[in-house]
Amino acid sequence: MVISALGYPTAAKHDDVELDRVIAEMAGTIAGWSVESGLWDLYLLRLRVLRTLCWGEIEAARTLVFSAWPGMEAKRLLSMPIARGPAHVVRAAVVLESLADGAGDARALVRDAERSARVLAREDRADGAVQAAVIRASIAHHLGDRKRRDEGLADAEARARIADMRTAQRMIARTRARLDGDEARRADHDTALLALGVV
């Protein structure tokens, strides 16, 4: 878990060499285990997808997710709440990046992202509803529906605030400020995010 957690600040610093080292260390650790753990494979997949998306390698991210998905279904990993939510967040991130990049059938990608949003909205964890609202707002943004986008982001921010998800709430608020063209508000959120440890 510690190795996995190291990947996120490394990606935030945009240090591809160090992130590759973290991924290799985690893969080596998992390979050395005598008992297979699909859950840790999911955590490794999440880091690999982060690595590809942060460096604009959208096709590689799609390959990673779509090739891993049948195996996760076969192992019934997606029936476990601890895995299902993170898996759908990763899948939706890749699908939405593909949609923004114009890579693939837009209607199929929208349906795919909406499917992940439905799964996340049904989760018992508070972050599921927040993530579902963000995904739906992203879909609306792509479709040019500013009203639905803005309502979705407002809903996501309110849900994050109620759930005391301070970092998520600030990141959503920052996105709203940027979309509104309010640089002063965006800068305030940047300051608050730095105080929360977000680079």
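The structure presented is a predicted model; accordingly, all values stated were derived computationally and were not measured.

(A) View of the pattern of salt bridges. Throughout the structure, instances matching the rule amount to 20 salt bridges. Between Arg136 and Glu114 there is a salt bridge; the shortest N-O distance is 2.9 Å. In this pair, Arg136 is assigned in helix H7 (residues 126-142) and Glu114 in helix H6 (residues 106-121), connecting sequence segments 22 residues apart. The class of Glu114 is partly exposed, set by a relative accessible area of 22%. Here Asp155 and Arg159 are joined by a salt bridge, their closest N and O atoms 3.1 Å apart. Of this pair, Asp155 and Arg159 both sit in helix H8 (residues 146-162), 4 residues apart, which is roughly one turn of the helix. The network of salt bridges with common partners includes Arg174, Glu183, Arg186 and Asp190.

(B) The nonpolar core, seen in detail. If you look at the biggest cluster of nonpolar residues, it comprises 21 residues, and the most contacted ones within it are Leu42, Val49, Val65, Trp69, Met72 and Ala87. For this core, the secondary-structure elements that each account for two or more residues are helix H2 (16-31), helix H3 (38-54), helix H4 (58-74) and helix H5 (81-101). No other element matches H3, which puts 7 residues into this core. Not counting residues up to four positions away in its chain, the partners in contact with Met72 are Leu42, Leu45, Leu77, Leu78 and Ala87. Grouped together as the second largest cluster of nonpolar side chains are 12 residues, Val95, Leu96, Ala113 and Ala117 included.

(C) The arrangement of the side chain of Glu157 in detail. For Glu157, the location among the structural elements is in helix H8. What Glu157 contacts, discounting residues up to four positions off in sequence, is Gln169, Ile172, Ala173 and Arg176.

(D) Looking closely at the packing of helix H9 (residues 166-180) against helix H10 (residues 183-195). Two elements in contact, H9 and H10, have axes whose closest approach is 8 Å; the angle formed by their N-to-C orientations is 160°. Of the possible angle classes, the one that applies to H9 and H10 is roughly antiparallel. H9 and H10 meet at a crossing whose hand is left-handed. Every residue of H10 that contacts H9 at Thr167, Arg170, Met171, Ala173, Arg174, Arg176, Ala177, Arg178 and Asp180 is listed here: Arg185, Arg186, His189, Asp190, Ala192 and Leu193. Each residue belonging to the contact of H9 with H10 can be placed in one class, and the counts come to 5 nonpolar, 2 polar and 8 charged.

The rules behind the values
- Residues numbered from 1 in each chain as written.
- Predicted model: local features only at pLDDT ≥ 70, side-chain atom pairs only at ≥ 80, totals over all residues.
- Heavy atoms only, no water.
- Salt bridge = Lys/Arg side-chain N within 4 Å of Asp/Glu carboxyl O.
- Helix = DSSP H or I, 4+ residues; strand = E, 2+ residues; numbered from the N terminus.
- Buried < 20%, exposed > 50% of the residue type's maximum accessible area, 1.4 Å probe, protein only.
- Core = buried A, V, L, I, M, F, W, Y, C linked by side-chain atoms within 4.5 Å.
- Contact = heavy atoms within 4.5 Å.
- Axes fitted to C-alpha atoms, helices over the stretch in contact; angles between N-to-C directions.
- Parallel < 35°, antiparallel > 145°, perpendicular 65-115°, else oblique.
- Left-handed = near helix turned anticlockwise from the far one by under 90°.
- Nonpolar A, V, L, I, M, F, W, Y, C, P; charged D, E, K, R; others polar.

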